[in-house]
Amino acid sequence: MKTRILISALVLLSCLSGCALQGYQGVMTGEYPAVMRIFDLTFGWKKALDERGVAIEGYARNTRYLIIRDLELRVALVAGDGREKARETFLFVPSELREGDAAPFSVTLKARPQGGDRLRFIYSYRFSEGDDHSKGDSWMGSFEVDALK
């Protein structure tokens, strides 16, 4: 009987500590020098130029709703004349972000930014404000920043 209880306790403990055993690291927001705070989300990111274009790594944090679902981010490199040079889409995993939670993203735009270019971030999601998780509305927002800063 004692052995069975001990084995059950060890199995339960290993299940509860799964993320710790796998070395899971939460989003380290201090690693991202660029930040955009909007009423519903906070985005942070950093850029790296290479021969293929510009790689953008970052995070999105839910700062408003009980749950955000199916968060999608589209990032485009836009020329000074409004012409889109490159665009990529990222679907966030996990598909649900509770208030205060953050999830990472990574996109590579296959064009190099030049003076006057902008990065356009367009995001969309579904959200729930109350306990009825089956209901919710959709939202889409956007912002732009200088591609070289």
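Rules behind the numbers
Residues numbered from 1 in each chain as written. Predicted model: local features only at pLDDT ≥ 70, side-chain atom pairs only at ≥ 80, totals over all residues. Heavy atoms only, no water. Pairing = 2+ DSSP bridges. Helix = DSSP H or I, 4+ residues; strand = E, 2+ residues; numbered from the N terminus. Buried < 20%, exposed > 50% of the residue type's maximum accessible area, 1.4 Å probe, protein only. Axes fitted to C-alpha atoms, helices over the stretch in contact; angles between N-to-C directions. Phe/Tyr/Trp six-rings, centres within 6.5 Å; stacked < 30°, edge-to-face > 60°. Core = buried A, V, L, I, M, F, W, Y, C linked by side-chain atoms within 4.5 Å. Contact = heavy atoms within 4.5 Å. pLDDT = per-residue confidence, 0-100.

### Focus on the pairing of strand β1 (residues 34-37)
Argument step 1. Two strands pair when backbone bridges link them, and β1 and strand β2 (residues 41-50) are joined in this way by four bridges, in the antiparallel orientation. The residue of β2 that forms the bridge with Arg-37 is Thr-42.
Argument step 2. In this structure, the hairpin formed by β1 and β2 is closed by a connection of three residues.

### A closer look at the pairing of strand β3 (residues 53-62)
Argument step 1. Counting buried residues in β3 gives seven out of 10 residues, a clear majority hidden from the surface.
Argument step 2. The turn linking β2 back onto β3 is made up of two residues.
Argument step 3. Note: β3 against strand β7 (residues 102-109), eight bridges, orientation antiparallel. For Ala-55, the partnering residue across the bridge sits in β7 and is Thr-108.

### Topic: the sheet that holds β2
Argument step 1. Taken in spatial order, the four strands of this open sheet run β1-β2-β3-β7, and their pairing is antiparallel. Of all the strands in the sheet, just β1 and β7 have a single pairing partner and so form its edges. Pairs of neighbouring strands in the sheet enclose a mean axial angle of 20°, with direction left out of account.

### A few points about the packing of aromatic side chains
Two numbers describe a pair of aromatic rings. These are the distance of the centres and the angle of the planes.
Argument step 1. Within the structure shown, the criterion is met by 14 aromatic pairs.
Argument step 2. Taking the centre distance of 5.6 Å and the plane angle of 90° together, the rings of Phe-39 and Trp-139 count as edge-to-face. Taken together, the positions of Phe-39 in the loop between β1 and β2 and Trp-139 in strand β9 (residues 137-146) put the pair 100 residues apart, joining distant regions of the chain.
Argument step 3. For Phe-39, a relative accessible area of 46% puts it in the partly exposed group.
Argument step 4. Classification of Trp-139 as partly exposed rests on a relative accessible area of 37%.
Argument step 5. Taking the centre distance of 4.8 Å and the plane angle of 40° together, the rings of Trp-45 and Phe-121 count as tilted. Taken together, the residues Trp-45 in strand β2 and Phe-121 in strand β8 (residues 118-128) connect sequence positions 76 residues apart.
Argument step 6. The class of Trp-45 is buried, set by a relative accessible area of 4%.
Argument step 7. On the basis of relative accessibility, which here comes to 0%, the residue Phe-121 falls in the buried class.
Argument step 8. Among the aromatic residues, those joined into a ring-pair cluster are Phe-43, Trp-45, Tyr-65, Phe-121, Tyr-123, Tyr-125, Phe-127 and Phe-143.

### Thoughts on the nonpolar core
Among soluble globular proteins, nonpolar side chains are generally buried collectively.
Argument step 1. If you look at the biggest cluster of nonpolar residues, it comprises 28 residues, and the most contacted ones within it are Phe-43, Ile-56, Leu-71, Leu-119 and Phe-121.
Argument step 2. The set of elements that each furnish at least two residues to this core consists of β2, β3, β4 (67-78), β7, β8 and β9.
Argument step 3. Aside from chain neighbours lying at most four places away, what touches Leu-71 is Leu-41, Ala-60, Phe-90, Leu-91, Phe-92, Leu-97, Tyr-123, Ser-124 and Tyr-125.

### A short note on the confidence of the model for the protein
Argument step 1. This prediction gives the protein a mean pLDDT of 86; 80% of its residues lie at or above 70.
Argument step 2. Across the protein, strand β5 (residues 84-91) holds the top mean pLDDT of 98, while helix α2 (residues 18-21) sits lowest at 44.
Argument step 3. Under a pLDDT of 50 for its full length, residues 9-13 has, in the predicted model, zero contacts with residues more than four places off or in other chains.
Argument step 4. When the criterion is pLDDT under 50, residues 15-24 qualifies, and its contacts beyond four places in sequence or with other chains add up to two contacts.

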